[in-house]
Amino acid sequence: MIPAAHTHPEREAMERSPAEQREHERRVVAEHYQHDVEIFSMVLDSRLAYATGVFVSPDEDLETAQARKFARIQAKLDIQPGERVLDVGCGWGSNLLYLAEHTQGEFFGITLSERQREEALRRARLAGVADRVHIDVKHIEDLALEPASFDVVLFSGSIVHMHNREEIHRTVARLLRPSGRLLISDCYYPAEHRGDRESTATDYIFVEALGYCRLLHLSEELAFIERAGLDICHVEDLTSSYALTLERWIDNVRKNRRRIEAISPGFSRLLQQYMTVAKLSFARRTALEYMILATRGRPRVESAWFPIVPPAHEKGAR
Ligand SMILES: C[S@@+](CC[C@H](N)C(=O)[O-])C[C@H]1O[C@@H](n2cnc3c(N)ncnc32)[C@H](O)[C@@H]1O
């Protein structure tokens, strides 16, 4: 396993104590997500998924690709009535609410943003699932939960904001019950060094636009998960899907530039710039996107059952 060369934000993070780094993440990461939800409603799909969709053809729309991702996550997690699900970095509730509406689980979300929490809870009430949805504003490292208290832990587009990955995987492994599932959908660097990771463009995304990001190599993340005691069941490459997702988001920023600027001057430019750099990185595969599924002990759903291309009736399903 080749360890990823550390970028300048990571080197700074290593000079902080774990408590200082946690405070740093809490402050600088939350800032992006505290922007008005109306802005994100103009850019993202109707459930406000702020992570890649799953495209099976480049001419699909964003709504279809995100709907397929929700359905795929539901299929992989196979949540049974009464099972407890923790969504770490739940955003405005995209996956959390989809899963609450389509299963009979009990859902717990955490986010660093109070505004995201309010919006997710508002949507939970509208969807009639508020009695099974609980959301706190909390950093994952502040969770004090009983061991073996969850059946599923989900990170979609959120683990990249967390520096202290090895410890986080140990925490997750402790939280999971036997047959518990961990699902991650996020960005990685290829093990082979491609592109300039110390560029102004990288700093712009990792520091100025998103506060703090740490991209590992896939093999590093998988090793942390395995060493924490979980088994890796399935890994899929969603890199080209993320390039297409970002393309749709950029089109939406362009279309709504005037309205976004009226709410938050300068924010449409920030979104367009960071999304453009990210899109090019995924298109050139200087950054990669993976969905990882791991279990504590025997898997509940055999990965051989997963559909690679979903049946036509799933198209547009929400
Ligand atoms: C890109 S958004 C993804 C939102 C959502 N999972 C989705 O797929 O739509 C990242 C989320 O991670 C949350 N987050 C980042 N670092 C966190 C941490 N250390 N603890 C808890 N939540 C965190 C942010 O507040 C935000 O809600």
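Quick caveat: nothing in here was measured; it's all calculated off a predicted structure.

K.L.:
Explain the overall build of the chain to me, please; I cannot follow it from the model alone.
P.N.:
Looking only at helices and strands, one finds 12 helices and 7 strands in the chain. Computed over C-alpha atoms, the radius of gyration of the chain comes to 18 Å, within 12% of the 20 Å expected from 2.2 N^0.38 for 318 residues, which places it in the range of a compact globule. Each of the 318 residues in the chain was classed as buried or not, and the buried ones make up 44%. Across the chain, contacts joining residues at least 24 apart in sequence account for 79% of those joining residues at least 6 apart.

K.L.:
What should I look at first to understand unusual backbone geometry in this one?
P.N.:
Trans peptide bonds make up the majority, and among non-glycine residues the majority have a negative phi. Of note, Asp78 is a non-glycine position whose phi angle comes to about 45°, a positive value. Among the residues examined, Asp78 registers 16 C-beta atoms within 10 Å and is labelled partly exposed. Although it is not a glycine, Ser179 adopts a positive phi angle of roughly 70°. Take Ser179: it is sitting in strand 5 (residues 176–188).

K.L.:
So what exactly am I meant to see when it comes to the site of the ligand here?
P.N.:
For the ligand, the set of nearby residues contains 24 residues, the closest of which are Gly89, Gly91, Ser156, Gly157 and Ser158. Of all the secondary structure elements, the ones that give two or more residues to the shell around the ligand are helix 2 (18–33), helix 5 (94–102) and strand 2 (106–111). Of the residues forming the shell around the ligand, the biggest block, 3 residues, is contributed by helix 2. Its residues placed into classes, the shell around the ligand shows 11 nonpolar, 12 polar and 1 charged.

K.L.:
Please explain the sheet that holds strand 4 (residues 150–156) as it appears in this structure.
P.N.:
Hydrogen bonding along the main chain pairs the strands of a sheet, whether they run parallel or antiparallel. Read from one edge of the open sheet, 7 strands run 3-2-1-4-5-7-6, paired in mixed fashion. Every other strand in the sheet has two partners, leaving strand 3 (133–137) and strand 6 (231–237) as the edge strands with one partner each. Between one strand axis and the next, the sheet turns by 15° as a mean value, whatever way the strands run. With 6 bridges connecting them, strand 6 and strand 7 (residues 288–295) associate as antiparallel partners. Within the sheet, the bridge partner assigned to Asp231 lies in strand 7 and is Thr295.

K.L.:
Can you help me understand the pairing of strand 1 (residues 84–88) in this one?
P.N.:
It is a general feature of regular strands that their side chains alternate between the two faces of the sheet. Most of strand 1 is tucked away, with 4 of its 5 residues classed as buried. As paired elements, strand 1 and strand 2 share 5 bridges and run parallel to each other. Across the sheet, Val88 pairs through a bridge with Ile110, a residue of strand 2. After leaving strand 1, the chain enters helix 5 and then returns to the sheet as strand 2, a path that is right-handed.

K.L.:
I keep staring at helix 2 and nothing clicks. Help me out?
P.N.:
Two residues of an α-helix separated by three or four positions point the same way, owing to the 3.6 residues in each turn. Over its 16 residues, helix 2 runs 23 Å from end to end, which matches the ideal 22 Å to within 8%, given 1.5 Å per residue. When helix 2 is considered as a whole, its buried residues turn out to be Glu25, Val29 and Tyr33. End-on view of helix 2: buried residues confined to an arc of 50°, all on one side of the axis. In helix 2, the exposed positions angled more than 90 degrees off the buried face are occupied by Ala19, Glu20 and Arg27.

K.L.:
In this structure, what is going on with the UniProt feature "domain: Polyketide synthase-like methyltransferase" (unreviewed entry) in the chain? I would like to understand it.
P.N.:
Mapped onto this numbering, the UniProt entry gives "domain: Polyketide synthase-like methyltransferase" (unreviewed entry) at residues 49–301. With 44% helix and 20% strand, the stretch residues 49–301 has end C-alpha atoms that lie 25 Å from each other.

K.L.:
I keep staring at helix 4 (residues 62–77) and nothing clicks. Help me out?
P.N.:
Compared with the 22 Å implied by 1.5 Å per residue over 16 residues, the 23 Å span of helix 4 between its first and last C-alpha is a close match. With 12 of 16 residues buried, helix 4 is to be regarded as a mostly interior element. Considered for burial, the residues of helix 4 that qualify are Leu62, Thr64, Ala65, Gln66, Ala67, Arg68, Lys69, Phe70, Arg72, Ile73, Lys76 and Leu77. In the segment just after helix 4, Asp78 is the residue with positive phi, at about 45°.

K.L.:
Quick question: what am I supposed to make of the environment of Ser303 here?
P.N.:
In this structure, Ser303 sits in the segment after strand 7. Separated by 138 residues in the primary sequence, Ser303 and Arg165 place their C-alpha atoms 25 Å from one another. Once you skip the residues sitting within four places of it in the chain, Ser303 turns out to touch Cys233 and His234.

Conventions we followed
Residues numbered from 1 in each chain as written. Predicted model: local features only at pLDDT ≥ 70, side-chain atom pairs only at ≥ 80, totals over all residues. Helix = DSSP H or I, 4+ residues; strand = E, 2+ residues; numbered from the N terminus. Rg over C-alpha atoms; globule rule 2.2 N^0.38 Å. Buried ≥ 20, exposed ≤ 12 C-beta atoms within 10 Å, placed from the backbone. Contact = placed C-beta atoms within 7 Å. Near = placed C-beta within 6 Å. Nonpolar A, V, L, I, M, F, W, Y, C, P; charged D, E, K, R; others polar. Pairing = 2+ DSSP bridges. Axes fitted to C-alpha atoms, helices over the stretch in contact; angles between N-to-C directions. Right-handed = clockwise from strand over helix to strand, strands pointing away. Expected span 1.5 Å × (residues − 1). Arc of directions from axis to C-beta. UniProt positions renumbered as here; feature names shortened; annotations may be inferred.

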